[in-house]
Each structure stands twice: as C-alpha cells, then as structure tokens.
Number of protein chains: 2
Amino acid sequence: MNKHPDYLLNKISGPKDLKKLSIPEMEKLAKEIRTLILEKDAAKGGHLGPDLGIVEATIAYHYVFEAPKDKIVWDVSHQTYPHKMLTGRAQAWLDPDHYDDVTPYTNPNESPYDYFAIGHTSTSVALATGMAKARGLMGGHENITALIGDGSMTGGLAYEGLNNAAIEKHNLVIVVNDNQWSIDKNVGGLVTALKKLRDSNGETEENPFKAMGFDYRYVADGNNIQDMINAFKAVKDVDHPILLHINTIKGKGYKPAIEDEEAHHWVMPFNLKDDKPTISMPKGPTANSVAIAVIKDQINAGIKIMAINAAIPGVFDLDEIKDKYPDHYKDVGIAEQESVAFATGFAKEGGTPVLFENSSFLQRAFDQLSHDTAANDLPLVMMVAGGGISNQSKTHLGIFDQVMISNLPNWIYLAPTNLAEEKAMMQWAIKQRKHPVAIKMPTINVTEGNDSKIIKDYSNIQYQVKPGKDVAIIALGDFYQLGAKVASKLNATLVNPVSANILDKDTLDKLAADHKIIITLEDNAIDGGLGEKIASYLGNKNVKVLNYGQKRVYTDQTPVKEIYKQNHLTVDQIIADIKAL
Amino acid sequence: MNKHPDYLLNKISGPKDLKKLSIPEMEKLAKEIRTLILEKDAAKGGHLGPDLGIVEATIAYHYVFEAPKDKIVWDVSHQTYPHKMLTGRAQAWLDPDHYDDVTPYTNPNESPYDYFAIGHTSTSVALATGMAKARGLMGGHENITALIGDGSMTGGLAYEGLNNAAIEKHNLVIVVNDNQWSIDKNVGGLVTALKKLRDSNGETEENPFKAMGFDYRYVADGNNIQDMINAFKAVKDVDHPILLHINTIKGKGYKPAIEDEEAHHWVMPFNLKDDKPTISMPKGPTANSVAIAVIKDQINAGIKIMAINAAIPGVFDLDEIKDKYPDHYKDVGIAEQESVAFATGFAKEGGTPVLFENSSFLQRAFDQLSHDTAANDLPLVMMVAGGGISNQSKTHLGIFDQVMISNLPNWIYLAPTNLAEEKAMMQWAIKQRKHPVAIKMPTINVTEGNDSKIIKDYSNIQYQVKPGKDVAIIALGDFYQLGAKVASKLNATLVNPVSANILDKDTLDKLAADHKIIITLEDNAIDGGLGEKIASYLGNKNVKVLNYGQKRVYTDQTPVKEIYKQNHLTVDQIIADIKAL
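The structure contained in this document is the topic of the report that follows. In this text, all values refer to a predicted model and were calculated from it rather than measured experimentally.

Parameters and conventions
Residue indices follow the written sequence of each chain, beginning from 1 at its first position. Each chain gets a letter, beginning with A, and each ligand a number, beginning with 1, in the order they are written. Totals for whole chains, interfaces and linings use every residue, but because this is a predicted model, local features are given only for residues with pLDDT of at least 70 and side-chain atom pairs only at 80 or more, for both listing and counting. As a rule here, side-chain values cover all heavy atoms of the structure and leave hydrogens and water aside. The secondary structure listing takes helices from DSSP runs of H or I that are at least 4 residues long and strands from runs of E that are at least 2 residues long, numbered from the N terminus. Type-normalised accessible area, obtained with a 1.4 Å probe on protein chains alone, sets the label of each residue: buried when under 20%, exposed when over 50%, and partly exposed for intermediate values. Residue contacts follow a heavy-atom distance rule, with two residues in contact if any of their heavy atoms lie within 4.5 Å. Here the copies are superposed with least squares, the fitted atoms being C-alpha atoms of residues at a pLDDT of at least 70 in both. A 1.4 Å probe defines the accessible area here, and the buried area is the portion of it lost by two parts on being joined, summed over both. The term salt bridge refers to a side-chain nitrogen of Lys or Arg lying within 4 Å of a carboxyl oxygen of Asp or Glu. Expected helix span is given by 1.5 Å per residue-to-residue step, counting one fewer step than there are residues. Pairing between strands is defined by DSSP: at least two bridges between the two strands are required. For the handedness criterion, the strands are oriented away from the viewer, and a crossover whose path from the first strand over the helix to the second runs clockwise is classed as right-handed. Patch membership needs two things, relative accessible area over 30% and no salt bridge, and members are linked within 9 Å if like-charged or within 5 Å if nonpolar (Val, Leu, Ile, Met, Phe, Trp, Tyr). The accessible surface values rely on the Shrake-Rupley method and a 1.4 Å probe; as for residues, cover is taken only from the protein chains in view. In this analysis an axis means a line fitted to C-alpha atoms, helices contributing only their contacting stretch, and an angle means the value between N-to-C directions, from 0 to 180 degrees. The set of buried Ala, Val, Leu, Ile, Met, Phe, Trp, Tyr and Cys residues whose side-chain atoms join them within 4.5 Å is what this entry labels a nonpolar core. Two rings from Phe, Tyr or Trp (for Trp, the six-membered ring) form a pair when their centres are within 6.5 Å of each other. A pair whose planes differ by under 30 degrees is stacked, one over 60 is edge-to-face, and the rest are tilted. Counted as over-ring charges are cases with an Arg CZ or a Lys NZ within 6 Å of the ring centre that also lie within 35 degrees of the ring normal. Helix crossings get a hand from a simple test, with the near helix turned counterclockwise from the far one by less than a right angle marking a left-handed crossing and a clockwise turn marking a right-handed one. Classes in brief: Ala, Val, Leu, Ile, Met, Phe, Trp, Tyr, Cys and Pro nonpolar; Asp, Glu, Lys and Arg charged; the others, Gly included, polar.

Things to note about the environment of alanine 424 of chain A
Residues and elements named next belong to chain A.
- As for its placement among the helices and strands, alanine 424 is situated in helix 19 (residues 419-432).
- Residue classification places alanine 424 among the buried positions, given a relative accessible area of 3%.
- Put simply, alanine 424 and asparagine 547 are 123 residues apart on the chain and 28 Å apart in space, counted from C-alpha to C-alpha.
- Ignoring anything within four residues of it in the chain, the contact list for alanine 424 reads Ile454, Ile455, Lys456 and Tyr458.

Here's what the structure looks like:
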C-alpha cells in the first residue's frame, strides 16, 4: 500500500509533470525523494549516499531536458533512484509491496528513459562519444549527456572517453558529479586536480579539462535546484563538448551518511532511528575472515605482503589491514587495470602482492592478467570474490572470471571446497613465488573443513577422491557440497578437483577406467569452464561425460534457485539425467 | 660478419663503457645507432620511427643512471633497439648473421637490462607504481623510471597509473616522450594539452600533470644528448614523483620517416636508396580488401556505417575509407576500451558500427565487450585481425580473442573458411541488427571461394558437410584447408562449422551417429575454444572426440611450423593420432 498518498511525487508520472512545478515545489519533491530513498534502503538495502547526493541534479536535468528524446547516460547507474522515481517508477519506492518491481541499475527493459544496462564504472563518457557521433550521421539533434563521478573518474576508460570527447565538434555535455568520494575515499592525482578547481570556484588555470580543450563550467552548489537548472539551461543545445563540473554532497540529508560516507555508499537493511543494521552478520569464520587472518599472519612473519584492492575494501573487510598495517595496504581507486599492473610491478620487484578483486569488476583487467602478469609469469596471489552463480544484475554476474583467467597460460586457478582449504591454498600461493595464482573464494556457505586433513602443497594438482561406484562426480569449489549430495544418493565416487584449469590426468584416467559416467559440477559458466576441459581430455576414452554449470546467458536478478533449475543443477535433476543415460 | 668493425659501438659492452664517452663521442654513437637501425630495418623490417626518435634519450639515460640496478620500464618497448644496442646486444645490429639473435621487444630472458616482456601500450607507469611501492617495502633505493609516449598516452591505463603515481611520496620518474604521434596521427584532448605545453616551452598553467600534483619538467629538444643528460641528472635520486616531458622527433635522421611518420612507424623490408618496399604485396583479393569493399558498398548503399579502429588503420588498409568517406571513419587512438564503448553507443543510437580490431590488443576491451556490448545485446560488427597461431612475440599472440569473446553470452563468433564466406558473413552481420557479431579474419592465405555456393544467412548456424566415412573432421575458419587435407587422405567427412561458439546440434548428433571418431581443428587455443564445446556436447554419445589447437602456453617468436609440430597439427601427426585410437 502506498505509504505516502499525500506526496507530490504521486502526481509526477514523468518529466512533463515535473516541468509544471515551481522551485519550492521541486524542493519539496527533493525532500520526498530523500525520504523514500531512506525508507526503502532501510527496509531492503541498496545504494544510499550516491542517490541522496544527486537528487537536485536529477530534478533539474528532467526539468530542463526533454528525455527520452534527449539522452543521459548515468555512469555506474547506481545513483538513479531519483531518476527512476521521476520517470514513471515512483510506486517502487512509495509502496513497499512494489519495492521489488524495479531493478537497482538503469535498465532499458524497464523504461525508455534508461538507455543502457550499466553497472561498472567509467563507461558513460565513452558510450556518449559513440552516441553523439551516430546522432550526427543519423541527422538527429537531441542533447546527449554523460553524468560521471562518485569515484568513476579514476577508471581509465573515463579518460579515454574524455580524450575523444574533447576534440569533437558537436553537442555533448559531460557532467562531472564531484562529491569527493568513490566507494572508499577517492584516490589519486585527479582528486588533487578537482580540489584545486573547487577551492578556486572553478577558476584556477591548472584545469585538466581546459587543458584538453573542453569548454569548462563550474557549479559550486550542485544540490541547489535553481543553480542546477540555470547550469543545464546554459548548456542545453550547445554545439560543442562541454564539461560541467558540479560540487555535490554525497549522502546529503542523512547525517550518518555524511559523517561516514564509505559505510553508506551501499547499505544493508538498517534502522532509521539509530542507523544500525537490522540483519546480523553470521558469526564464526568466513571466506573473508580466513583471508584476512592469513594476511596478518604473513605480515607478522615478515613477508613483504601488499594487500591491494580497487576501491572495495569493504567487500573483503580489509579495513583492519588498512588501519593496522598501512605500509602493507594499497587501494588504487576504481582502476582494476592499475590494480593488476601495480601488483605485477610489485611482484617483479620481489614483493608479495595479494590482490582482492571482485569477479565481475575484474573483467576490466583482462589484458593486464594476460599481457603483464601471465606473459611475465609473475607470482601474484589473487583472491576473487563473488565468483559463482548469483541473483545479481546482468552487469554484475560472477560466472566469467574463471573462464577469463583459467584459459590463460601460467595462471593456476584454485577453488577451495571449504575454509581450511582456502587457507592452505592462500598460504601455499604466497609461499611458492613461481606463478600467478587465483583463488576463487567460496560464495556459498561452505564448511570450515579440517585443517589436518588438507593438502598443503598445490605444486602438482592431485584430485581428492572418495571412492564409490559407476558414477564419478567431479565437483569444483563451493559446488563440492552439491556433488556430495548427489554422490551420497547414488553411492557414487566424489572428487574434489582442486583446480579449475589444471587437470590431474592420472586420476582422470583411473576414473574413466573404473566408471561408466563422469559428471562435472562447477559454480560457473559451462562455456570455457573446467567441465569442457575434462570432456575434451576424456574424449578418446570409453566413458560418458556430463558437464554442469550455468549456460551462456545473462541472468538478471534471477533468484539463484531458478537459475539452478534452468540449468539442471538440483540434486534431483542431476540424478534424473544420470538415470536417463 | 660485422659490417662496421670501425664503429665506436663495438667498444660498448654495456652502460659502464658509455659513461667513459665525451659528448661528441656520444653524438657519433647516436649516428652509428641510427645507421644500424636503418640497415637492419631495411633488411628485415621492424619498428623504425619510434627507435630513430629515442636514440639520444636512451644514450643519456644509460649515461646518467646505473642500470640494471636503476630500472626503466619502456612502454610498448617497441623503441628499445638503441637500448638493446647499448646493453650488450649490438652484434644483432652490427652483424647481419646475427640479426635474428635479439627479439624486437624488451625480454627478461634476453638481458637483465630488460625488466618485463611488454608489447601493449600504456602499461609502463602502472607497472612502475607497483615497483616503486615494493622498493620502499623491500628497503631498496634505486631509481625507477617509466618511459611512455608515442601514442601510448591515449590508453586509459596510462591515466590510471599517473593518477596513482601523482600522490606517492617516493622516487619515481615518468618520462613522457612527446613525439606528437602514435602509430597513426595522435588523437584527442591530451594532444591539445601537450601542444599547449610545447608551445609555451612547458610554462603554461593549463598543465594537466601539474594539476594532478606532479613536479613537472620540460625538455624542448629531447634529441639533444647534453640537454637530456642535464635533465636526467636533475631528476636522479629525487624523493618524489616527477614528470619529465621531452619533445622528440619521431623518425629523426631519416627524411622519409619524418615526412610520412605513419608509414614509417613499422616498416616492411625496404630499399634505403628510394625507401620503396623490397617485398611485393600479394596481388588479388585479401581478407582486408574484401572487408574494405563491403564497407564501401554499404556506405554507397546508404547504410549508416562507421568504420572504427584504435590507431591501427594500416593493419586493415582503412586509409581509403578515412580519405574518401571521412564521415564514416573514426580512429579513437590507442584506446581499445573506448573503441568498443564508442561502437556500442553508436549502435544503440541506431548506427551501424564496424570495428576493426587486432586480436591481441583487443584484450584491453574485454569488459566493454561483455558489460557494454553483450549485456546490452547491441549489433556491433567486429572484424578481428591476427587471430590465430603465429610466430609473434608472447605479448602479441592471437590465440586468445576467440576464447575471450566466444564464451560471452549474445556474441556470435563467425570464422570464414574463404574470402567469399568472409564477405557473406560481414554483409549478414551488418544487416541483421540483433546481436553483436565477431568475424575472425583469416590469417592464413585462404581460397577466394565461390560466391554462389556460400550461405548468406547466419541466423541459424548450419554446419556445411562434405560426406565421407568413419571419421568426421570439423575444421574451423582458416584451418578448413588443413582439415581438407586430412579428410582427403582418410576419405573422411569434412565439416565447416561456420561459428566458433554456436553449435549445430542436429548435425553433431548425425555426425556422432554415423562416425566413430570426430576431430576438431581450430587456429586458436584449445582451452576455452570450439573443440572443448563440441567434446562437452558429445560427452554423452558413443563417439570418440579429439580436439586440436594450440596448448595453453605462450610461444615467443616460435616459427609456426614448430608450433604446429608441438601441437600435433601436421597432417601426418593427426592421421597417426587417429590410427592409434
């Protein structure tokens, strides 16, 4: 039921209604939008600070421009709750029964006001350069805008886009939303440059955007609706690229989000009265706590560790390393390419880099993983989080990193089946100093495992086999428990293959000789995964092979159970498949 | 035999000998190095302009710094012929019998003066940020230098590296070798910024490097040895990051290379007297000429084509499009991420982008191919050159792009077996407007093919089968001719699978039913390739499957014949394998 039937927002079915409002009415609307962001985030979790900060700029944009004819590309699109509310989707905030109707990122399937599905940073300007060029060739005249900021400016693609935008001779407005923050504290030389611009009210000559040739404008208070309307009116229908630098407050309107911006970039459900989370975190060891403990032990043992991440320390609970061991911590900003190249240089110089990467964002660094790390065969240790089948948006799926890394030469890709194994793999990876090693952190809850029973040396991959008969189930990483369930029902052989890309051929030969059917299970895409390698290796043997994983399709906020069903990943489906053979 | 026993260079076994020379002697040395670059390039081909331009800076570097204790990372490392000559490898230029002794890029296996194997652009600063950080933690005190330029500054990773370098508190020297050029004409806003700096003798306040916080220095004549020695002496052992901008002349000392810098970035063997190539190009249609003809036809037919590339028009003979159809041509600079994002925006706006990418360099754009193009399922057409097994350096192998792209959802990866098929695939890809399509341009000479016999619609992949018996050979793309040879010797079935990632399951079922053995051949890595997909699909059938391609290892300037042998890719080896089954 609509919690706020009295809200002005109820009357806004799209930008055309917004255009009828006065400034005071729009200011009232801004307050309503802030309340709604907070209420829904408190209930469901979501991005908070970025959305609170961009409310006025969004209202002003839709007041001045003629969307969807005029087009705006929202960088990362994690700040588009106000945009969604103003473009026909307010019910998804007004009415808790409809909280799940709307996805958290821009989504062309949801609205003509959303132009791309976007979830990674730094792409908006680059996409807009292509759009503006096509508009010219197609004979269009609409305004094309890219809104970038909130840390996205540290990604190299932002610069590649700016570099090309700067020399164009047509309409293109780049809004730099400078809220002085990314997910974690904003890092780097550009921060210095933006600060000089803010401190001089946009007037310093040390202006990287002017140096590149941009017509540069500055708005000191990007949370003032009138100022933003004036600024947008001044740049509408221009015939050349303009860079509009706006200074906004991340988290505006919610004191805890201003006082601790990092913790409020994205939030779990929380209590609006005291800002405390309403969901308690699991007690006991986790994939993160195991990794952090290993880092601390190694540093204390005198190993020259550097814990490296690209603006996502919170994902790994790295704050403890950052605070207690600052010489052993490096956040490169949202710049995954730099994170891998930095780690590669660090390893070459004799240090021990441990990278903490998110499966989906790591895609940005594929060439560095290949050209820099693998071709030079340097001993990086890389912990990958979020790798596996998930209910995420299609821009955030974790089923591709294993394919990307494990098919490159020299990389050893390990997948622990429990926490004791994660620890042992990480300790070995740090010690070996020979090759780059990636470790797929379990994304499903796994058991703690028994430290004394775990292999400590992964120089030669040896499959761990629990003998059964007729059928052998090779179950990688956190799908080992799924394999165990199937094996127990069939009295089948259960195999932990340890690695996603190095085959234990002796054991495979024996398994093929002793079994009729071999099943592979992996929490990953089938295409390019471990299963296909095993099927290929066993292609000349007298054994049937069935590969299980996610098909080569984008799921989009699909519940995991449903994805499992679609891919025959339930115990019953797998057993039925085996029996049907 | 040494062609120049009288050269001073004969006495330079390493930097220590260089340090004994006077300025006039070093100037003489510079002349000798230029002559040697020209002589060897005339005989063998290679990078020319970049090496001619960096001679004096290289001499000055080794005169001032203490390599290999002090370390320099050469961006792209295509300008390191002078460096190699000064670090014990001069015989590979002095003596034609030894021309092949030395590889064209930095190579740690070749010399302790080479720190990384590098062949892609924009990585040097990023690698150096990690090295400098490790030096601090390891207690070292050496100078760390990154030398970047010659177009490499347009790649986003360069900016990510600069962004992190700018805020460090330790020694790090970044030399920006500004020769106003990349492979093709340098593109973008940074060019504007560098020009302002050159025009003001480094003194304009519109300085993007100072804005980021760098201590900035300028050398107006980077081809003056004394000036470069002074500049390097001034920055040696500094305790903070310095950006040293040097203005050099690409191609210096060879008039044709200055007058047409693009044509002399990299050269085929040529005659020093008239600069004309000594190897004649093949007559008749090629993979390039077919693609260019399709582009022209489509533009003339009114299709809103944009031919896009990332600073490598020469690789595809795109100059004709650039000159005759400038509205349909876009070079984004060395910025592969931007090239794909630009094309994605262009497609979304209704235009028809045709990307021309190099297999190895395209690795830089993996995330855009996934997150931007594929997740939004937009109709890009992408022609990929250099995809296949080659004798290239390990940083330039073409066996990974198919793996990278074809395992992503929505991408259709086509591989023509002859030129008529390439044309038909390209025409269909442009027309279909539904999905992104990559086309692997043949790298081995293929036949022209018969236009009238070629399929014109690739909406449903249908394998092309020439029936034989017992054995079926599925031979992808330019390995079709290898498959034909094997098939003819065995009277086997020969199959053109058309696509590297979409299976024709009906035909595979029939092949499995009618044959004892199925062989897959692909000019690509086996890991993550088509063969594994076919082995996986046929895992539950009563048929043996053997996959052929390159193993998951980096080859490094290995002759193709040798790679074929190592991977059982000769006709005799394949037949022996089949008979042994």
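Read on for the rest.
A few points about the relation of the copies chain A and chain B
- You can overlay chain A on chain B at an RMSD of 0.0 Å; the transform is a turn of 180° with a shift of 0.0 Å along its axis. On the angle and the small slide along the axis, the relation comes out as a two-fold axis.
- Looking at the interface residues of chain A, 100% of them are also at the interface in chain B, so both copies use one shared face.

Describing the environment of alanine 42 of chain A
Residues and elements named next belong to chain A.
- Mapped onto the elements of the fold, alanine 42 is located in helix 2 (residues 23-44).
- On a C-alpha basis, the gap between alanine 42 and valine 267 in space is 8.1 Å, while along the polypeptide they are 225 residues apart.
- Those residues in contact with alanine 42 that lie beyond four places of it in its chain are Pro269, Phe270 and Leu272.

Side note on the interface of chain A and chain B
- In this complex, chain A contributes 114 residues to the contact, which on the side of chain B involves 114 residues.
- Both sides of the chain A and chain B interface together cover about 9200 Å² of buried area, and 56% of this is carbon and sulfur.
- Of all residues in chain A, Leu137, Glu349 and Arg552 of chain A give up the largest surface area on contact with chain B, accounting jointly for 9% of the area buried on that side.
- In this assembly, chain A and chain B are joined by 10 salt bridges.
- With its nearest N and O atoms 3.2 Å apart, the salt bridge here joins lysine 330 of chain B to glutamate 168 of chain A.

Side note on helix 16 (residues 336-348) of chain B
Residue and element names in this part refer to chain B.
- Over its 13 residues, helix 16 runs 18 Å from end to end, which matches the ideal 18 Å to within 8%, given 1.5 Å per residue.
- Summarising burial for helix 16: 12 of the 13 residues are buried, a large majority.
- Those residues of helix 16 not exposed but buried are Glu336, Gln337, Glu338, Ser339, Val340, Ala341, Phe342, Ala343, Thr344, Gly345, Phe346 and Ala347.

Examining the pairing of strand 10 (residues 352-358) of chain B
All names here are of chain B.
- Among the 7 residues of strand 10, 7 are classified as buried, and the element is accordingly described as predominantly covered.
- A two-sided burial pattern is seen for strand 10, the buried positions comprising Thr352, Val354, Phe356 and Asn358 on one face and Pro353, Leu355 and Glu357 on the other.
- Note that strand 8 (residues 305-309) and strand 10 share 5 bridges and pair parallel. Opposite alanine 307, over in strand 10, you have valine 354 as the bridge partner.
- With helix 17 (residues 366-374) bridging strand 10 and its parallel neighbour strand 11 (residues 381-385), the resulting β-α-β unit is right-handed.

What about a nonpolar patch on the surface?
- A cluster of nonpolar side chains, Trp266, Met268, Ile279 and Met281 of chain A, forms an exposed patch at the surface whose accessible area comes to about 400 Å².
- Tracing the sequence through the fold places methionine 281 of chain A in the loop between strand 7 (266-267) and helix 13 (287-300).

Some thoughts on the sheet that holds strand 3 (residues 144-149) of chain B
Residues and elements named next belong to chain B.
- One open sheet holds the 5 strands; their spatial order is 2-3-4-6-5, and the pairing between them is parallel. Of all the strands in the sheet, just strand 2 (71-74) and strand 5 (215-219) have a single pairing partner and so form its edges. Ignoring strand direction, the axes of neighbouring strands in this sheet form an average angle of 20°.
- Across 7 bridges, strand 4 (residues 172-178) lies against strand 6 (residues 241-247) in parallel orientation. Across the sheet, valine 176 pairs through a bridge with histidine 245, a residue of strand 6.
- Most of the contacts of helix 7 (residues 124-138) go to strand 3, to which it runs at about 175°, and overall it touches strand 2, strand 3 and strand 4.

Considerations on the pattern of salt bridges
Residue and element names in this part refer to chain B.
- Enumeration over the complete set of coordinates arrives at 58 salt bridges over all chains.
- With its nearest N and O atoms 2.7 Å apart, the salt bridge here joins aspartate 199 to lysine 195. A residue pair is termed a helical-turn pair when its members lie 3 or 4 positions apart in one helix, as aspartate 199 and lysine 195 do in helix 9 (residues 189-199) at 4 residues.
- On the accessibility criterion, lysine 195 (43% relative accessible area) is partly exposed.

Brief notes about the nonpolar core
- Judged by nonpolar contacts, the single largest core of 298 residues is most densely connected at Phe356 and Leu414 of chain A together with Phe356, Leu414 and Met426 of chain B.
- In this view, phenylalanine 356 of chain A contacts Ala291, Ile295, Ala307, Ile308, Asn309, Phe316, Leu318, Met383 and Met426 of chain A; residues no more than four positions away in its chain are not counted.

Re helix 13 of chain A
All names here are of chain A.
- Taking 1.5 Å of rise per residue, the 14 residues of helix 13 would be expected to cover 20 Å, and the 20 Å separating its terminal C-alpha atoms lies within 8% of that figure.
- Turning to helix 13, its buried residues are Ala287, Asn288, Val290, Ala291, Ile292, Val294, Ile295, Gln298 and Ile299.
- Of the surrounding secondary structure, the elements contacted by the buried residues of helix 13 are strand 8 (305-309), helix 14 (313-316), helix 15 (319-324), strand 10 (352-358), strand 11 (381-385) and helix 19.
- Count one or two residues on from helix 13 and you reach glycine 302, which has phi positive near 90°.

Quick notes on the packing of aromatic side chains
- Under the counting rule described, the total for this entry stands at 26 aromatic pairs over all chains.
- Ring geometry for phenylalanine 209 of chain B against tyrosine 216 of chain B: centres 6.2 Å apart, planes inclined by 5°, an arrangement best described as stacked. Residues phenylalanine 209 of chain B and tyrosine 216 of chain B agree in their burial class; the two are buried.
- Plain terms: the ring middles of phenylalanine 400 of chain B and tyrosine 554 of chain B are 5.9 Å apart, the flat faces sit at 65° to each other, and that makes the pair edge-to-face. With phenylalanine 400 of chain B in the loop between strand 11 and helix 18 (401-406) and tyrosine 554 of chain B in the loop between strand 18 (544-550) and helix 23 (560-566), this pair connects stretches of sequence that are 154 residues apart.
- Take tyrosine 554 of chain B: its relative accessible area is 15%, and that puts it in the buried class.
- Site record: aromatic cluster; members linked through ring pairs are Tyr61, Phe65 and Phe232 of chain A.
- Over the aromatic face of tryptophan 93 of chain A sits the side chain of lysine 40 of chain A, whose NZ or CZ is 4.0 Å from the ring centroid.

Some words on the packing of helix 7 of chain B against helix 8 (residues 156-165) of chain B
All names here are of chain B.
- For the pair helix 7 and helix 8, the least separation of the axes is 7 Å and the interaxial angle reads 35°. Note on packing geometry: the crossing formed by helix 7 with helix 8 is left-handed. Contacts between helix 7 and helix 8 involve Val125, Ala126 and Thr129 on the former and, on the latter, Leu157, Gly161, Leu162, Asn164 and Ala165.
- Classifying every residue of the contact of helix 7 with helix 8 gives 5 nonpolar, 3 polar and no charged.

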